[in-house]
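Descriptive analysis of the structure
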Amino acid sequence: INAQVRALMSQRLKIPGDRSVIADDASLRDAGLDSIAILSLVVGLEDEFDLEIPDRDVVLDNFGSVDGIVRYVARRLDRCSRRCGSRARRCAAAS
């Protein structure tokens, strides 16, 4: 998941400097991400992982760092797997 998140960041975000040096636990806000960039990343995550990410989940705890995003996506995929029996397409498992 980490590699996919980083690939999406490279494709979708305009982060000043070298994105590869952003530590997994570093603040993405401090790295230059604003709310528009986060929304772009959310759309990319929904497409990449076939998830629906509710607006209420788009908070710093979930999207403040690469680690936070990876943990969030892993939780969502796990919920979808348990609820739907597989990593279902466009899973909207409850948060």
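Structure report, in brief. (Residues numbered from 1 in each chain as written. Predicted model: local features only at pLDDT ≥ 70, side-chain atom pairs only at ≥ 80, totals over all residues. Heavy atoms only, no water.)

Further remarks concern the nonpolar core. Ranked by internal contacts, the top residues of the largest apolar core, which has 24 residues, are L45, F63, I69 and V73. Those elements that provide at least two residues to this core are α1 (2–12), α2 (35–49) and α4 (66–84). Sorting elements by how many residues they give to this core places α4 first, with seven residues. Residues contacting L45, with those up to four places away along its chain left out, are V5, L8, D50, I53, F63, I69 and V73. (Core = buried A, V, L, I, M, F, W, Y, C linked by side-chain atoms within 4.5 Å. Buried < 20%, exposed > 50% of the residue type's maximum accessible area, 1.4 Å probe, protein only. Helix = DSSP H or I, 4+ residues; strand = E, 2+ residues; numbered from the N terminus. Contact = heavy atoms within 4.5 Å.)

Their axes nearest at 9 Å, the elements α1 and α4 cross at an angle of 120 degrees. As the angle between them shows, α1 and α4 are arranged oblique. You can see that α1 and α4 cross each other, and the crossing is right-handed. Along its contact with α1, which presents N2, V5, R6 and M9, the element α4 presents V66, I69 and V70. The class makeup of the residues in the contact of α1 with α4 is five nonpolar, one polar and one charged. (Axes fitted to C-alpha atoms, helices over the stretch in contact; angles between N-to-C directions. Parallel < 35°, antiparallel > 145°, perpendicular 65-115°, else oblique. Left-handed = near helix turned anticlockwise from the far one by under 90°. Nonpolar A, V, L, I, M, F, W, Y, C, P; charged D, E, K, R; others polar.)

Functional significance is not addressed by these values, which are geometric in nature.
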